[in-house]
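Residue strings, one per chain:
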Amino acid sequence: MAKPERVLRLSGSYHRKEGISEKDFHDFLSYRHGVECAKIHAKYGILKYQMAFNTSATQGLAQSMKLPYKLNHHDLEIEYYFKDVASLLAVSGDEDFKALHVECEPYVNLETTTITLTWIEVYLEDGELVNIDSEGKSLQPSFEEMSDIKVSDKPVSKYY
């Protein structure tokens, strides 16, 4: 089995603007923003783009499970998966991408947005073990290989 390549993930946590219902937020982000963004991301080589909605229903489920952790109350998490930061930089400079972010201004509170940039290690996919050898050991690259990340020599374009 081949050693997996490093995949980076940029995720953003977003809150609805005051007065926007969960349904209106979902419908705009899912049926308009998400679809159009996906087309742009595909053009620049983003590997995966997904949204995770955190509604009152999902938060209620989490609370009912009595998990021993603090519940995050953001409304949406958007994730971008990529191998090369150049892909993400190219997306940020796309004029259509910029226009989509202006369009979502009435829905999303950008003041409270937070982001995380991480690398991904996959061990289970589609119900199957992956990246684990026949002896039960991880095939993931070493910490040194995974953390050998060069900082970007240029910032993202202003798209918001």
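Since we're looking at a predicted model, the values are computed, not measured.

## Quick look at the nonpolar core
Then step 1. With 21 residues, the main nonpolar core has Tyr80 and Phe82 as its most contacted residues.
Then step 2. Going through the elements one at a time, β1 (7-16), α1 (22-43), β3 (76-82), α3 (85-92) and α4 (95-103) are the ones with two or more residues in this core.
Then step 3. The dominant element in this core, judged by the number of residues it contributes, is α1, at five residues.
Then step 4. If near-sequence neighbours (up to four positions away) are discounted, Phe82 is found in contact with Val7, Leu8, Arg9, Leu10, Ile46, Leu47 and Leu88.

## Considerations on the pattern of salt bridges
Then step 1. By the definition in use, this model includes ten salt bridges.
Then step 2. Here Glu105 and Lys17 are joined by a salt bridge, their closest N and O atoms 3.0 Å apart. Taken together, the residues Glu105 in the loop between α4 and β4 (108-120) and Lys17 in the loop between β1 and α1 connect sequence positions 88 residues apart.
Then step 3. Look at Glu105 and you get partly exposed, because its relative accessible area is 36%.
Then step 4. Residues Asp148 and Lys150 are paired through a salt bridge, measuring 3.7 Å at the closest nitrogen-oxygen approach.

## Some thoughts on empty space enclosed by the protein
Then step 1. What the rule picks out here adds up to one cavity of 30 Å³ or more.
Then step 2. As a volume, the largest cavity reaches approximately 40 Å³.
Then step 3. Lining the largest cavity, in full, are Arg16, Glu22, Phe25, His26, Phe53, Asn54, Thr55 and Asp75.
Then step 4. Here the lining of the largest cavity gets three residues from one element, more than from any other, and that element is α1.
Then step 5. Across the lining of the largest cavity, the residue classes break down as two nonpolar, three polar and three charged.

## Observations regarding the packing of α1 against α4
Then step 1. One way to put it is that α1 packs onto α4 with a least axis distance of 10 Å and a crossing angle of 165°. Of the possible angle classes, the one that applies to α1 and α4 is roughly antiparallel. The way α1 lies across α4 gives a crossing that is left-handed. Where α1 abuts α4, its residues Phe28, Arg32, His33, Glu36, Cys37, Ile40 and His41 lie against Asp96, Phe97, Leu100, His101 and Glu103.

## Details of the confidence of the model for the chain
Caution is warranted with low-pLDDT regions, since their predicted coordinates should not be read in detail.
Then step 1. Mean pLDDT over the chain works out to 94, with 98% of the residues at or above the 70 mark.
Then step 2. Within the chain, α3 has the poorest average pLDDT of any element, 91, and strand β2 (residues 48-53) the best, 98.

## Re the sheet that holds β2
Then step 1. Strand order in the open sheet formed by four strands is β2-β3-β1-β4, with antiparallel pairing between adjacent strands. Pairing within the sheet leaves two strands with one partner each, and these edge strands are β2 and β4. Strand-to-strand, the axes of this sheet are offset by a mean angle of 20°, without reference to chain direction.
Then step 2. Note: β2 against β3, six bridges, orientation antiparallel. Looking across to β3, one finds that Ala52 is bridged to Glu77.

Conventions adopted
- Residues numbered from 1 in each chain as written.
- Predicted model: local features only at pLDDT ≥ 70, side-chain atom pairs only at ≥ 80, totals over all residues.
- Heavy atoms only, no water.
- Core = buried A, V, L, I, M, F, W, Y, C linked by side-chain atoms within 4.5 Å.
- Buried < 20%, exposed > 50% of the residue type's maximum accessible area, 1.4 Å probe, protein only.
- Helix = DSSP H or I, 4+ residues; strand = E, 2+ residues; numbered from the N terminus.
- Contact = heavy atoms within 4.5 Å.
- Salt bridge = Lys/Arg side-chain N within 4 Å of Asp/Glu carboxyl O.
- 1 Å grid on protein atoms, 1.4 Å probe; cavity = no way out; pocket = protein on both sides within 12 Å on 5 of 7 lines; lining within 4 Å.
- Points joined across faces, edges and corners; volume = space filled by probe spheres on them.
- Nonpolar A, V, L, I, M, F, W, Y, C, P; charged D, E, K, R; others polar.
- Axes fitted to C-alpha atoms, helices over the stretch in contact; angles between N-to-C directions.
- Parallel < 35°, antiparallel > 145°, perpendicular 65-115°, else oblique.
- Left-handed = near helix turned anticlockwise from the far one by under 90°.
- pLDDT = per-residue confidence, 0-100.
- Pairing = 2+ DSSP bridges.

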